[in-house]
Amino acid sequence: MCVPRELGGAGLGQLAYYVAWEALFRHCGPNNWLMLYALAHWAFGPSRLLEQITAEARNRFMPGLMDDTRSMCFGLSEPNAGSDASMLRTRAVRDGDGWRISGRKIWTTNAPVADYCILFAITDAGKAAARQGGISAFIVPTTSPGFRVQRIIRLFGHIGGDEAEIEIDNLHVEPWQLVGKEGEGFQAALYGVSLGRVYNSARAVGYGRWAIELALEYSKVREAFGHAIAEYQGVTFPLAQAATELHAAHLMGLNASMLLDQGKPAIKELSMTKRYSVEVGYRAVDRAMQTHGAMGFTNEVGLTAAWHALRVVNVADGTNEILDRTVSQRLLKGDIDL
Ligand SMILES: Cc1cc2nc3c(=O)[nH]c(=O)nc-3n(C[C@H](O)[C@H](O)[C@H](O)COP(=O)(O)OP(=O)(O)OC[C@H]3O[C@@H](n4cnc5c(N)ncnc54)[C@H](O)[C@@H]3O)c2cc1C
């Protein structure tokens, strides 16, 4: 739906992407797994990020990604490089026309089943150390000799495990596998992460809305002290506050994605949106659990699954602190329009 037309998609933009994901999460809640595959996920499926792959890579990889028989993963984070990507240790060393890559990746979502990986590696150590580029992105089949999923990481709330640690040993890549320009992989990384921020903002608001709607219904039928608990302001005011916060986050999401559709980087606005949305979405789910009393902790209601999922996205795709850091840096540079 939102893959650019030149890659074979319908060419809808970020606003459509935001609205569609928010609606899916709101209507389906956390217990519907098929819903997660109704739209192409930015990191596992085809997305705008792939505008930067070469014609040869398009020919080889796009058909399988577009007909949903192939999936991808995004290999940026490393054991010693999370928030600070300049600490990457994975190296791509020149080998003829191409490169040989060695290193490790961690937390790579979908890696255990992915067919391709967008892999980030240092191609110019001097520039990387001086934070002036020097990191390149490559698209590699996960069946390439030298690419090995070392272990699946057992992670809170991710039953079945789809985050993995990867070992890359002397993996050969050719020039057609470059994503974007040599040494400019960091821009590709930021671009991918910003797609993830739109997705996760929508996910948080969608889950939050689903949870609040569930709590409102429950409060009308659950009785205590002779009345439905909906009659107690101690129950409904926190839900009203959560709804207010979700409304604000929803409007922020619409605004940030519209700015992206207008070709604006929206760095500050998207950072604010993801930071705020995941916080208030998580809080809304927590309030909905409180409304349900002990029922809130049962697996069949599903609130705990949403709560787990949103706790995790307070870290994934940029931690709350890193997003605050980005916003404050933008403000200090004079980007003070709100
Ligand atoms: C579920 C999940 C899926 C993920 N999927 C992927 C994936 O597919 N591909 C991928 O490449 N990565 C993935 N990640 C990794 C994710 O991008 C990193 O976890 C994230 O960037 C934070 O890095 P870190 O965990 O190493 O934390 P660290 O960078 O070690 O940070 C630790 C703490 O220090 C804080 N901190 C760090 N620097 C500052 C600062 N300057 N000011 C204030 N506070 C600071 C952080 O906010 C955090 O609270 C995933 C993570 C999760 C949880």
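Here is a short report on the structure shown in this document. (Residues numbered from 1 in each chain as written. Predicted model: local features only at pLDDT ≥ 70, side-chain atom pairs only at ≥ 80, totals over all residues. Heavy atoms only, no water.)

### Thoughts on the overall build of the protein chain
Threshold: We count a stretch as a helix when DSSP gives it H or I for four or more residues in a row; a strand needs E for two or more, and each element gets its number in order from the N terminus. In this treatment the radius of gyration is a C-alpha quantity, and the globule benchmark scales as 2.2 Å times the residue count to the 0.38 power. Partly exposed residues are those whose accessible area sits between 20% and 50% of the maximum for their type, while under 20% is buried and over 50% is exposed, using a 1.4 Å probe and protein chains only. Two residues form a contact once any of their heavy atoms are found within 4.5 Å. For the accessible areas, the method is Shrake-Rupley and the probe is 1.4 Å, while residue cover comes only from the protein chains on display. Here the positive residues are Lys and Arg and the negative ones are Asp and Glu; neither His nor the chain ends is included. Taken as the charge centre is NZ of Lys, CZ of Arg, CG of Asp or CD of Glu, depending on the residue.
Scanning the protein chain from N- to C-terminus turns up eight helices and ten strands. Relative to the compact-globule value of 20 Å for 338 residues, the protein chain shows a C-alpha radius of gyration of 21 Å, a close match. Considered along the principal axes of its C-alpha atoms, the protein chain spans approximately 80 × 45 × 40 Å. Within the span of the protein chain, comprising 338 residues, buried residues form 49% of the whole. Nonlocal contacts in the protein chain, meaning residues at least 24 apart in sequence, comprise 71% of its contacts between residues at least 6 apart. Total accessible area on the protein chain is roughly 16300 Å²; 55% of this is exposed by carbon and sulfur atoms. Within the protein chain, the 35 negative side-chain charges are centred at a point lying 3 Å from the centre of the 33 positive side-chain charges.

### Overview of the pairing of strand β5 (residues 135-141)
Put simply, the rule reads: Think of it this way: DSSP has to see at least two bridges between two strands before they count as a pair.
With respect to burial, β5 is a largely interior element, six of its seven residues being buried. Bridging between β5 and strand β8 (residues 178-179) involves two bridges; their strand directions are antiparallel. Residue pairing in the sheet places A137 in a bridge with V179 of β8.

### Section: empty space enclosed by the protein
Which entries qualify depends on this criterion: Both site types are read off a 1 Å grid over the protein atoms alone. A 1.4 Å probe that fits but cannot get out defines a cavity, while an open set with protein on both sides within 12 Å along at least five of seven lines defines a pocket; lining residues have an atom within 4 Å of a point. Grid points are joined across faces, edges and corners, and a volume is the space filled by probe spheres set on the points. Three classes are used: nonpolar for Ala, Val, Leu, Ile, Met, Phe, Trp, Tyr, Cys and Pro, charged for Asp, Glu, Lys and Arg, and polar for all others, with Gly counted as polar.
Tallied over the full model, the rule gives one cavity of 30 Å³ or more. As for the largest cavity, its lining consists of 13 residues, and the residues nearest its centre are C2, V3, Y17, A40 and S47. Residues belonging to the lining of the largest cavity are distributed by class as follows: nine nonpolar, three polar and one charged.

### Some words on the layout of surface pockets
A volume near 320 Å³ is recorded for the second largest pocket. In terms of lining residues, the second largest pocket is bounded by 18 residues, among which L39, A40, G45, P46 and D68 are the most central. Considering only residue class, the lining of the second largest pocket consists of eleven nonpolar, five polar and two charged.

### Some thoughts on the site of the ligand
What counts, and what does not: Throughout, near means a residue has at least one heavy atom within 4 Å of the molecule or strand. Whenever a nitrogen or oxygen atom comes within 3.5 Å of another N or O atom, the pair is scored as a polar contact, on the condition that within protein one atom can donate a hydrogen and the other can accept it, and that pairs from neighbouring residues in sequence are kept only if both atoms are in side chains.
Around the ligand sit 18 residues, and of these F74, S77, S83, T319 and E321 come closest. Contact between the ligand and S77: an oxygen atom at 2.7 Å from a main-chain N or O atom of the residue. Separating an oxygen atom of the ligand from a side-chain N or O atom of E321 is a distance of 2.7 Å. For the shell around the ligand, the secondary structure elements donating two or more residues are β3 (98-109) and α8 (320-332). Within the shell around the ligand, the residues separate by chemical class into eight nonpolar, seven polar and three charged.

### As for the pattern of salt bridges
Condition: We define a salt bridge as a contact between a side-chain nitrogen of Lys or Arg and a carboxyl oxygen of Asp or Glu at a distance within 4 Å.
In total, this model carries 19 salt bridges according to the counting rule given. The residue E167 makes a salt bridge to R104 at a minimum N-O spacing of 3.7 Å. With E167 in strand β7 (residues 163-173) and R104 in strand β3, this residue pair connects regions lying 63 residues apart in the sequence. In this structure R104 comes out as partly exposed when scored by relative accessible area, which is 30%.

### Points about helix α6 (residues 267-291)
Rules: Between the first and last residue of a helix there are one fewer steps than residues, each counted as 1.5 Å, and that sum is the expected span.
Under the 1.5 Å per step criterion, the end-to-end length of α6 is 36 Å for 25 residues, consistent within 8% with the ideal 36 Å. Residue G293 follows α6 closely and has a positive phi angle near 55°.

### Description of a nonpolar patch on the surface
As a reminder, the rule being used: Every patch collects residues that have over 30% relative accessible area and no salt bridge, joining them within 9 Å if they carry like charges and within 5 Å if they are nonpolar side chains (Val, Leu, Ile, Met, Phe, Trp, Tyr).
A contiguous nonpolar surface patch, about 360 Å² in accessible area, is contributed by L331, I336 and L338. Tracing the chain through its elements places L338 in the segment after α8.

### A word on the packing of aromatic side chains
Put simply, the test is: Aromatic pairing here means that ring centres of Phe, Tyr or Trp (its six-membered ring) are within 6.5 Å. Orientation follows from the plane angle: under 30 degrees is stacked, over 60 is edge-to-face, and everything else is tilted.
Applying the stated criterion across every chain yields a total of eleven aromatic pairs. Note on Y17 and W21: the rings are 6.3 Å apart at their centroids and 90° apart in plane angle, and the pair reads as edge-to-face. Taken as a pair, Y17 and W21 lie in helix α1 (residues 14-28) at a separation of four residues, close to a single helical turn. Ring geometry for W21 against Y199: centres 4.9 Å apart, planes inclined by 80°, an arrangement best described as edge-to-face. One end of the pair, W21, is in helix α1; the other, Y199, is in helix α4 (residues 185-221), with 178 residues separating them in the sequence. Y199 gets classed as buried once you look at its relative accessible area, which sits at 5%. Taken together, the aromatic side chains of Y17, W21, F25, Y199 and Y207 make up a single cluster linked through ring pairs.

### Some remarks on the nonpolar core
This is how the line gets drawn: By convention a nonpolar core is built from buried Ala, Val, Leu, Ile, Met, Phe, Trp, Tyr and Cys residues, the set being connected through side-chain atoms within 4.5 Å.
Formed by 70 residues in total, the largest nonpolar core has its most connected members in W21, L50, F74, I118, F120, I139 and L303. A per-element tally of this core places α4 first, with 14 residues. Not counting the four nearest positions on each side in its chain, L50 is found in contact with L7, R58, M62, L65, M72, I118 and I139. Among the nonpolar cores identified, the runner-up in size contains 18 residues, and C73, A114, F147 and I166 belong to it.

### Observations regarding α8
The condition that has to hold: As used here, the arc belongs to the directions running from the helix axis to the C-beta atoms.
In this model α8 runs 18 Å from its N-terminal to its C-terminal C-alpha over 13 residues, within 8% of the 18 Å that 1.5 Å per residue would give. N320, L323, T326 and V327 are the residues of α8 that are buried. The buried residues of α8 occupy an angular sector of 120° when the element is viewed end-on, so they sit on one face. Away from the buried face of α8 by more than 90 degrees, exposed residues E321 and L332 are located. Considering only its buried residues, α8 is in contact with α4 and α6. Immediately beyond the C-terminal end of α8, within one or two residues, lies G334, with a positive phi of roughly 100°.

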